[in-house]
Amino acid sequence: MSKTERVTEAPWLAAKDRSVITILLVATFVVILNETALNVALTSVMTDLHVDERTVQWLTTAFMLTMAVVIPITGWLLERIPTRAAFILAMSLFTAGTLVCAVAPTFALVLAGRIVQASGTAIMMPLLMTTIMQLVPPAHRGAVMGNISLVISVAPALGPTLAGVVLQFSSWRGVFALMVPIGLAMLIGGALRIANVNEPVRVPLDVLSIPLTVLGFGGLVYGLSLIGDTGAPAAELATVFSIAIAALIAFLWRQLLLARSDRALLDLRAFRHGAFTISVVVMALAMMALFGTIIMLPLLLQRALHLPALSVGLILLPGGLLMGVLGPIVGRLYDRVGARPLMLPASVLVAGVFWVLSTIAPDTPWWLVLVCHMAMSASFAFMFTPLFTIALGSLPRQLYTHGSAIVGTVQQLAGALGTAVFVTVFATQSEARRQTGAGVEASLLYGSHLAFIGAGAVWLLAIVAIAFLRTPEPEAEASHGTERDLD
């Protein structure tokens, strides 16, 4: 029985609610699949539109920047508009942006299309998480949250593979053209079948918070994307981070003030709940580890071990698929045994994988890297579902939308930070080693060893934090749903 069928047949959900969750799961899978699909087509874009490597990377950087800016606003947006309207908005933006990318004659228009795409994607994930928290009883949330793990792990893993197949028969435009009818079908189907499951509240929009969001979260992601870029002037990096940090401090201060009158764009009172805070911290460390490893392993395997790109893709694919397959299984286990019996052994295994990866040598067999990546992917599957469930399940109902937005924002920032830190340590230490006269392969391996050892040392913080996690009691969660006084 498939994962969507399990949701569809859930006896503890009304038929209307089952339909809503199923449509949102499929739609979220589609938009996240698109997020990574373009990565393998960037070289073709460079050739066709006559742009250099640094310019074409903006198709990825701009996507991440837009996600980082829009996701914090979704907490306010999902409170104001009904479920159906939010879905139509998200899929309309995604489909329109995809169509622009498919037919755009210039790079600037492709970039604009990616920004519109990202805006729709940024709304969809918080909408899915918030809706699940609103509809699913606490005792069954783990099973349904496991489907989110399926979405966030399998979709990114399949994206490059799908794009690679398309590129065998078409140009890079075919990657976008394939997504247009799928997006339209999801938009029409959802508009006809999704029912409103929330009660919109007329929360005023604080105009000053918007530019602070753009400068703070957007600036931070942009600054992180510049780390390790030898072509980026040091003054630019310092300026970007200074502006971003100042804007973030102003944003946080303003949200705390606005929360007193329930007008915050992103309600930070969610962090008053200890389980939410610990879960978000562990999630950030896990996303850093996951994204850092995903970016590091292809660099290492191709440049140091000289494996072809196709082989590298095939080595990394099983891990992503395994994580997705395990997601729903872990969800049901979480409902039975709680978080720590699943997460503690998994977190220790991640530390072990980092140690093994730090010993990669020129004669390391490819299958050992495959096993390590699968072990790490399986470990994260045993962690992400409990983390999502505990984080949002520990909040009062009126903070679900803001909690979902916070989780999505942290994921984006942590992914960008993990990529920046891994690549920077890898590049700087490899270059330092090369200056001593070491060969190219030996230098690259030395840099990767330090990057993985450093990641393992930081990961120890996650193991300690997991020891303090508590699974929310269903009775306590139910009482949160009616709780109105957050102060």
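It should be emphasised that the depicted structure is a prediction, and the values quoted were computed from it without experimental measurement. (Residues numbered from 1 in each chain as written. Predicted model: local features only at pLDDT ≥ 70, side-chain atom pairs only at ≥ 80, totals over all residues. Heavy atoms only, no water.)

1. Some words on the overall build of the chain
Formally: Only DSSP runs of H or I reaching four residues or more are called helices, and only runs of E reaching two or more are called strands; each is numbered from the N terminus. Radius of gyration: C-alpha atoms only; globule rule: 2.2 Å multiplied by the number of residues to the exponent 0.38. Relative accessibility thresholds used throughout: buried, under 20% of the residue-type maximum; exposed, over 50%; partly exposed, between the two (1.4 Å probe, protein chains only). Note on contacts: a residue pair qualifies if any of its non-hydrogen atoms lie within 4.5 Å across the two residues. To measure how exposed things are, a 1.4 Å probe is used in the Shrake-Rupley method; for residues, cover is taken only from the protein chains shown. Charged residues are defined here as Lys and Arg on the positive side and Asp and Glu on the negative side; His and the ends of the chain fall outside this count. Every charge is mapped to an atom, namely NZ of Lys, CZ of Arg, CG of Asp or CD of Glu.
From N to C terminus, the chain includes 18 helices and 0 strands. Taking 2.2 N^0.38 as the reference for a compact globule, 487 residues should give roughly 23 Å; the C-alpha atoms of the chain span a radius of gyration of 22 Å, in line with that estimate. For the chain, the spread of C-alpha atoms along the three principal axes comes to 65 × 50 × 50 Å. In the chain, which comprises 487 residues, the proportion classed as buried is 54%. Sequence-distant contacts in the chain: of pairs separated by 6 or more residues, those separated by 24 or more amount to 82%. For the chain, the computed accessible surface area is about 19600 Å², with 69% contributed by carbon and sulfur atoms. Within the chain, the 24 negative side-chain charges are centred at a point lying 4 Å from the centre of the 26 positive side-chain charges.

2. Concerning the packing of helix α14 (residues 340–357) against helix α15 (residues 366–393)
Heads up, the rule is: Helix axes are fitted to C-alpha atoms over the stretch in contact, other axes to C-alpha atoms as well, and angles between N-to-C directions run from 0 to 180 degrees. Any angle that falls under 35 degrees is termed roughly parallel, while one over 145 is termed roughly antiparallel, one within 65 to 115 roughly perpendicular, and all others oblique. Crossing handedness follows the turn of the near helix against the far one: under a right angle anticlockwise gives a left-handed crossing, and clockwise gives a right-handed one.
Running from N to C, α14 and α15 point in directions that differ by 150°, and their axes come no closer than 9 Å. In terms of axis orientation, α14 runs roughly antiparallel to α15. When you trace α14 past α15, the crossing you get is left-handed. In this structure, α14 uses Leu-342, Met-343, Ala-346, Ser-347, Leu-349, Val-350, Val-353, Phe-354, Val-356 and Leu-357 to contact α15, whose residues at the interface are Leu-368, Cys-372, Ala-375, Met-376, Ser-379, Phe-380, Phe-382, Met-383, Pro-386 and Leu-387.

3. Considerations on helix α10 (residues 209–226)
Put simply, the test is: Expected span of a helix: the number of residues minus one, times 1.5 Å. We define the bend at each residue as the angle formed by axes fitted to the 7 residues ending at it and the 7 residues starting at it.
The end-to-end C-alpha distance of α10 is 25 Å, a good match for the 26 Å that 18 residues give at a rise of 1.5 Å each. Where α10 bends most, at Gly-219, the angle is about 30°. Buried residues dominate α10, accounting for 13 of its 18 residues.

4. Describing the confidence of the model for the chain
Selection rule: Residue-level confidence of the predictor is summarised by pLDDT, bounded by 0 at the bottom and 100 at the top.
Across the chain, the average pLDDT comes to 84, with 92% of residues at or above 70. Considering each helix and strand of the chain separately, the mean pLDDT is smallest for helix α18 (residues 474–482), with a value of 45, and largest for helix α6 (residues 83–103), with 95. Note on residues 1–9: pLDDT is under 50 here. Beyond four places in sequence and across chains, it has 18 contacts.

5. Description of the nonpolar core
Condition: Side-chain atoms within 4.5 Å link the members of a nonpolar core, which is a set of buried Ala, Val, Leu, Ile, Met, Phe, Trp, Tyr and Cys residues.
If you look at the biggest cluster of nonpolar residues, it comprises 138 residues, and the most contacted ones within it are Phe-380 and Trp-459. Look past the residues within four positions of Trp-459 in its chain and what remains in contact with it is Leu-285, Ala-286, Ala-289, Ser-347, Val-350, Ala-351, Phe-354, Phe-380 and Met-383. Residues Leu-59, Ala-104, Val-110 and Leu-111 belong to the second largest nonpolar core, which totals 17 residues.

6. Re the packing of aromatic side chains
Convention followed: Aromatic pairs are defined between Phe, Tyr and Trp rings, using the six-membered ring for Trp, whenever the two ring centres lie within 6.5 Å; interplanar angles under 30 degrees are classed as stacked, those over 60 as edge-to-face, and all others as tilted. Only when the NZ of Lys or the CZ of Arg is both within 6 Å of the ring centre and within 35 degrees of the ring normal is a charge said to sit over the ring.
Throughout the structure, instances matching the rule amount to 8 aromatic pairs. Here a set of aromatic residues connected by ring pairs shows up, and it is made of Phe-354, Phe-422 and Phe-452. Lying across the ring of Tyr-446, Arg-433 places its NZ or CZ 4.3 Å from the centre.

7. Some remarks on the pattern of salt bridges
Formally: By definition, a salt bridge exists where a carboxyl oxygen of Asp or Glu is found within 4 Å of a side-chain nitrogen of Lys or Arg.
Within this structure, the stated rule accounts for 4 salt bridges. Between Asp-206 and Arg-254 there is a salt bridge, with the nearest N and O atoms lying 2.7 Å from each other. Here Asp-206 is found in the loop between α9 (172–193) and α10, whereas its partner Arg-254 is found in helix α11 (residues 234–259), with 48 residues between them in sequence. Among the salt bridges present, the one from Arg-434 reaches Glu-431, with a minimum N-O distance of 2.7 Å. Of this pair, Arg-434 and Glu-431 both sit in helix α16 (residues 400–435), 3 residues apart, roughly one helical turn. Its relative accessible area of 27% is what places Arg-434 among the partly exposed residues. Here Glu-431 falls in the partly exposed class, since its relative accessible area comes to 34%. Counted as one network, the salt bridges with shared partners bring together Asp-262, Asp-267 and Arg-269.

8. Description of the packing of helix α12 (residues 274–303) against α14
We apply this condition: Gly is placed with the polar residues, together with every amino acid not listed as nonpolar (Ala, Val, Leu, Ile, Met, Phe, Trp, Tyr, Cys and Pro) or charged (Asp, Glu, Lys and Arg).
Orientation of α12 relative to α14, taken along the N-to-C sense of each, is 30°, at an axis distance of 13 Å. Here α12 lies roughly parallel to α14, going by the angle between them. Here the hand of the crossing between α12 and α14 comes out left-handed. Residues Val-282, Ala-289, Thr-293 and Leu-297 of α12 touch α14, and the partners they reach there are Met-343, Phe-354 and Leu-357. Its residues placed into classes, the contact of α12 with α14 shows 6 nonpolar, 1 polar and no charged.

9. Here's the deal with empty space enclosed by the protein
Note the threshold: We place a 1 Å grid over just the protein atoms. Points where a 1.4 Å probe fits but has no way out form a cavity, open points with protein on both sides within 12 Å along at least 5 of 7 lines form a pocket, and any residue with an atom within 4 Å of a point lines it. Grid points are joined across faces, edges and corners, and a volume is the space filled by probe spheres set on the points.
One pass over the full model with this rule turns up 3 cavities of 30 Å³ or more. As a volume, the largest cavity reaches approximately 60 Å³. What lines the largest cavity is simply Leu-78, Ile-81, Pro-82, Thr-83, Ala-86, Leu-127, Thr-130, Thr-131, Gln-134, Asn-198 and Thr-401. For the lining of the largest cavity, the secondary structure elements donating two or more residues are α6 and α7 (107–135). Of all the elements, α7 adds the most residues to the lining of the largest cavity, at 4 residues. Of the residues in the lining of the largest cavity, the class split is 5 nonpolar, 6 polar and no charged.

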